[in-house]
Amino acid sequence: MTTDHNSSASRTITCTDLTELLRQIFLRHGTSAEVARVLAENCAGAERDGSHSHGIFRIKGYLSSLAAGWVDGQARPKVEDAGAAFVRVDAMGGFAQPAMQAAKGLVIEKARSAGIAILAIRNSHHFAALWPDVEPFATQGLVALSVVNSMTCVVPHDAQKPLFGTNPIAFAAPRAEGPPIVFDMATSAIAHGDVQIAAREGRMLPPGMGVDRNGEPTLDPKAILEGGALLPFGGYKGSALSMMVELLSAALTGGNFSFEFDMSKAPGAQTPWTGQVIIVIHPDKGSGQVFAERSEELVRQMHGAGQQRMPGDRRYRQRERSLKEGIVVSAEDLDRLEALARA
Ligand code: NDP
Ligand code: PYC
């Protein structure tokens, strides 16, 4: 383990070492070797890219769900070839990312031959950022769109009680002269993880994020977490997108809607037990191998119009820094992770 103490409050760790540390933690807390490998890479990648709400912050929740028996860390996903352009996976109550890995080769093969392929995952737990599920397709020249639902905590537009999850949408497309264009966003005004982090740090939220237990607007993250709820982003428009995510992730896959499972039955459970869809498109079928040139032109025009920061740019910048200088983690967090790896 090569960690340097760069101040009394923080330490630096390489991405490789953080991945290995997380892999050891998952292994020691009951996952199979494959699940440990996939989750460790995912979680370390999020920390490396500065996706803090879905990096090492999530380890406690992963382990607590595993300990509760709510998620099966040993699950072996069942992949079904459901048609020329359709792959189904039953994650068997395990995590979504290993289920996706098990089906990925088949999905790419189908997308390349049919021009499009749908991967429908059900009976799965997704507790991570969504961009890692789409970006790798774009680095292989494909376009990918993914949605996943989560757990009831968002009030639909004009409604009185929470129903939807925070339901993110992620999209990735290749471009000719740069890393893929990627966006990944919750359809709630703020991700649940960021509300938890604000509560932990004692920060108030901007207006418009959520309501308290009486349905009154609040800036207090604790009031949202303790009986309150989040709002969709953009009023009825974000609410409609969240509804779409529920339909694709649950109705299409055979997974749960965000409101169809009850985590309180398994004390300690934190991971949402839902479904996920990934749509992969082979863009050469549409535009005869010029897609990446066209997307580059769009980026050029956006820059020319004055938008300098593309979605994904912050992560790519942080990734470059982390790979060069190491990932900076609080000493307290890293000490805790090391203790968990020994536990
Ligand atoms: P953000 O609002 O931080 O960012 C959303 C997207 O907008 C990102 O692609 C981001 O790029 C881009 N962006 C942000 N600011 C700008 C800007 N000024 N100009 C241009 N683009 C910008 O994300 P959310 O808070 O909505 O989501 C956070 C994470 O939570 C996501 O990774 C999501 O997948 C995850 N999540 C997971 C859930 C699950 O069930 N597994 C549920 C809900 C959320 P960049 O990345 O470069 O900052
Ligand atoms: O941050 O909203 C969130 C979230 C839900 C499930 C995983 N992350």
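In the annotation of an unreviewed UniProt entry, the chain is listed under the name Delta(1)-pyrroline-2-carboxylate/Delta(1)-piperideine-2-carboxylate reductase and assigned to Pseudomonas lutea. Its UniProt record gives the chain a comment under Sequence similarities (unreviewed entry), which states: "Belongs to the LDH2/MDH2 oxidoreductase family." Turning to the chain, the UniProt annotation filed under Subunit (unreviewed entry) states: "Homodimer."

1. Quick notes on the layout of surface pockets
The volume enclosed by the largest pocket comes to roughly 910 Å³. Lining of the largest pocket is provided by 45 residues; of these, S53, H54, A186, A191 and H192 occupy positions nearest its centre. Those elements that place two or more of their residues in the lining of the largest pocket are β8 (178-185), α6 (192-201), α7 (221-225) and α11 (313-325). When its residues are assigned to classes, the lining of the largest pocket shows 22 nonpolar, 17 polar and six charged. A volume near 690 Å³ is recorded for the second largest pocket. Residue composition of the lining of the second largest pocket, grouped by class: twelve nonpolar, five polar and eight charged.

2. Here's the deal with the packing of helix α2 (residues 33-48) against helix α4 (residues 96-114)
Axis separation between α2 and α4 bottoms out at 9 Å; the angle between their running directions is 105°. Comparing their axes, α4 and α2 come out roughly perpendicular. Listed contacts from α4 to E34, V35, V38, L39 and N42 of α2 are Q97, P98 and Q101.

3. Remarks on the confidence of the model for the chain
The predicted model of the chain averages 96 in pLDDT, with 98% of residues at 70 or higher. Of all secondary-structure elements in the chain, the lowest mean pLDDT belongs to strand β1 (residues 3-5), at 46, while strand β6 (residues 143-148) reaches the highest, 99. In the predicted structure, residues 1-7 sits below a pLDDT of 50 and forms 20 contacts with residues beyond four places in sequence or in another chain.

4. Comments concerning the site of ligand 2
If you check the shell around ligand 2, you find H54, R58, F127, S150, M151, T166, A191, H192, G193 and P272 and nothing else. Within the side chain of T166, a nitrogen or oxygen atom sits 2.6 Å from an oxygen atom of ligand 2. Across the complex, the protein chains shield 93% of the 250 Å² of accessible surface that ligand 2 would expose by itself. When each cavity is represented as a set of grid points, ligand 2 is found to reside in the largest pocket. Of the residues that constitute the shell around ligand 2, the class distribution is four nonpolar, five polar and one charged.

5. Points about the pairing of strand β3 (residues 78-83)
The sheet contact formed by β3 and strand β4 (residues 86-90) spans five bridges and is antiparallel. From the neighbouring strand, G83 faces β4, where its bridge partner is F86. The loop that links β3 with its antiparallel partner β4 comprises two residues.

6. Examining the sheet that holds strand β11 (residues 229-230)
Read from one edge of the open sheet, three strands run β10-β9-β11, paired in antiparallel fashion. Of all the strands in the sheet, the pair left with one neighbour each is β10 (217-218) and β11. Alignment of strand β9 (residues 210-211) against β11, held across two bridges, turns out to be antiparallel. Its bridge partner lying in β11, G210 is registered against L230.

7. Here we look at the pattern of salt bridges
Counted by the stated rule, this structure contains 18 salt bridges. A salt bridge links D335 to R11; the nearest nitrogen and oxygen atoms lie 2.8 Å apart. A residue pair is termed long-range when its members are at least 10 positions apart, and D335 in helix α12 (residues 331-342) and R11 in strand β2 (residues 10-13) qualify at 324 residues. Given a relative accessible area of 5%, R11 falls into the buried group. Note that D333 is salt-bridged to R336, the shortest N-O span being 3.2 Å. One end of the pair is D333 and the other is R336, both in helix α12 and three residues apart, which spans about a single turn. Within this structure, R48, D49, E135, R315 and R319 form a network of salt bridges that share partners.

What counts, and at which threshold
Residues numbered from 1 in each chain as written. Chains lettered and ligands numbered in written order. Predicted model: local features only at pLDDT ≥ 70, side-chain atom pairs only at ≥ 80, totals over all residues. Heavy atoms only, no water. UniProt positions renumbered as here; feature names shortened; annotations may be inferred. 1 Å grid on protein atoms, 1.4 Å probe; cavity = no way out; pocket = protein on both sides within 12 Å on 5 of 7 lines; lining within 4 Å. Points joined across faces, edges and corners; volume = space filled by probe spheres on them. Helix = DSSP H or I, 4+ residues; strand = E, 2+ residues; numbered from the N terminus. Nonpolar A, V, L, I, M, F, W, Y, C, P; charged D, E, K, R; others polar. Axes fitted to C-alpha atoms, helices over the stretch in contact; angles between N-to-C directions. Parallel < 35°, antiparallel > 145°, perpendicular 65-115°, else oblique. Contact = heavy atoms within 4.5 Å. pLDDT = per-residue confidence, 0-100. Near = heavy atom within 4 Å. Polar contact = N/O pair within 3.5 Å; in protein donor to acceptor, adjacent residues only side chain to side chain. Areas by Shrake-Rupley, 256 points an atom, 1.4 Å probe, with all protein chains shown as cover. Sits in = over half its atoms within 2 Å of the grid points. Pairing = 2+ DSSP bridges. Salt bridge = Lys/Arg side-chain N within 4 Å of Asp/Glu carboxyl O. Buried < 20%, exposed > 50% of the residue type's maximum accessible area, 1.4 Å probe, protein only.

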